[in-house]
Amino acid sequence: STPLYSSAASDVYKRQGQGDPFCCRTEWQLSIQEAFFPRRRLHLRESASGVLALAERKYPGLGPTLEPIDCLWLFGCPLLGEGATDLLEALLAERASQGQRSNLIVSGVLPGEPLRDQILRSFHARYDIYRAKTVVVRSASLEGGLDGFLGRRSAVFRKRLRQAARRAESRGLVFERVVARNAAESDACFDRMLAVEKTSWKGIDRCGMSETESSRFYKALSRRLAVSGAGRAIFARVDERDVGFIFGGLAGPVYRGQQFSYDDAWSAASLGNLLQQEQLRWLEEEGILRYDMGPEMEYKHHWTEIRTAMQVLLLRPKSGVRVAPASPG
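Each value, and the rule that gives it
Residues numbered from 1 in each chain as written. Predicted model: local features only at pLDDT ≥ 70, side-chain atom pairs only at ≥ 80, totals over all residues. Heavy atoms only, no water. Axes fitted to C-alpha atoms, helices over the stretch in contact; angles between N-to-C directions. Helix = DSSP H or I, 4+ residues; strand = E, 2+ residues; numbered from the N terminus. Left-handed = near helix turned anticlockwise from the far one by under 90°. Contact = heavy atoms within 4.5 Å. Nonpolar A, V, L, I, M, F, W, Y, C, P; charged D, E, K, R; others polar. Core = buried A, V, L, I, M, F, W, Y, C linked by side-chain atoms within 4.5 Å. Buried < 20%, exposed > 50% of the residue type's maximum accessible area, 1.4 Å probe, protein only. Pairing = 2+ DSSP bridges.

(A) Quick peek at the packing of helix α3 (residues 84-97) against helix α4 (residues 114-123). Across the interface, α3 lies against α4 with an axial gap of 11 Å and an inter-helix angle of 35°. Of the two possible hands of crossing, α3 and α4 adopt the one that is right-handed. Seen from α3, the contacting residues are T85, L88, E89 and L92; seen from α4, they are L115, Q118, S122 and F123. Residues belonging to the contact of α3 with α4 are distributed by class as follows: four nonpolar, three polar and one charged.

As structure tokens, then:
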């Protein structure tokens, strides 16, 4: 499993900003393909300076379209690195030589980053370009470790967290960290998470990751993360029984949270907050710089101070205009 956001993640992160770098990785992208769209044709290309990862799909009323592999949440970017637009030009040229005209969707585009300017400069003469959607995600800086993070939260928030920790400790709550390193360890960890999920309000309301497609996706994601050891799970336990978990993964210096749940019987114990705090303590030990919490939701405002708006661009070929330049020679 070669990451789209590869082992050089730290350098790429500094060189070309990504709003959600974890979701640019193969673990996220290919798990979506496997769980939700196994029949789509993929176009994966790589050069010394770029990576392209697109899927082919036909939409009613829109026609043939090259889209991000993650067409559900649109968190990741399908064009990575300075050479990605060159790879896209080559792909479009090949399709044009075969008489294929396609729409194009590019997600994860940040205003002010070079990719947006490259797309506008390279394609405006041949495509009508629209901003189809804006995807907002929330993050927190981990500068200064856990103390620095908590110092950026309100005094009331910190007080309530301390009180919750004391109450939970008096009830015998402990935490267990898990890093799966192979498929068997990943499946065992996932089964534990699923068992907790079924006791949570998500499981009770049948809207969590225990549902069929969601379960298939997160199990595949967990297995792929085990290949590189990038997955991180913490279980909250009482009397040797799991009552909560938090799960996510690393992309270089960035941690991306995925899911957390807890037994509904613990709903008044602030267990979600305690799991978040324990995760932050672990990330501090590993030198992680940023905690990405995914799509904007009200409860995340207590935990995050960074708001990132990522654009989704739709490119539609102009009538009577070649959609790609002829191949050299």
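(B) Broad picture of the nonpolar core. Of all hydrophobic cores here, the largest spans 33 residues; its most connected members are W28, M193, L221 and F247. Mapped by element, the contributors of at least two residues to this core are α2 (26-36), β6 (127-141), α7 (183-197), α9 (212-228), β8 (231-238), β9 (241-251) and β12 (306-317). With five residues, the single largest contributor to this core is α7. What M193 contacts, discounting residues up to four positions off in sequence, is M209, S222, F235, F245 and F247. Listed in part, the 31 residues of the second largest apolar core include L146, L150, I234 and A236.

(C) Region of the structure containing the pairing of β9. For β9, the tally of buried residues reaches 10 of 11 residues, placing the bulk of the element in the interior. Of the pairings in the sheet, the one linking β8 to β9 comprises eight bridges and is antiparallel in character. Bridge pairing in β9 links R232 to G248. Hairpin geometry of β8 and β9 is characterised by an intervening segment of two residues between the two adjacent antiparallel strands and by a positive phi of about 55° at D239. The pairing of β9 with strand β10 (residues 254-262) spans eight bridges and is classified as antiparallel. When the sheet's bridge partners are listed, G249 is paired in β10 with R256.

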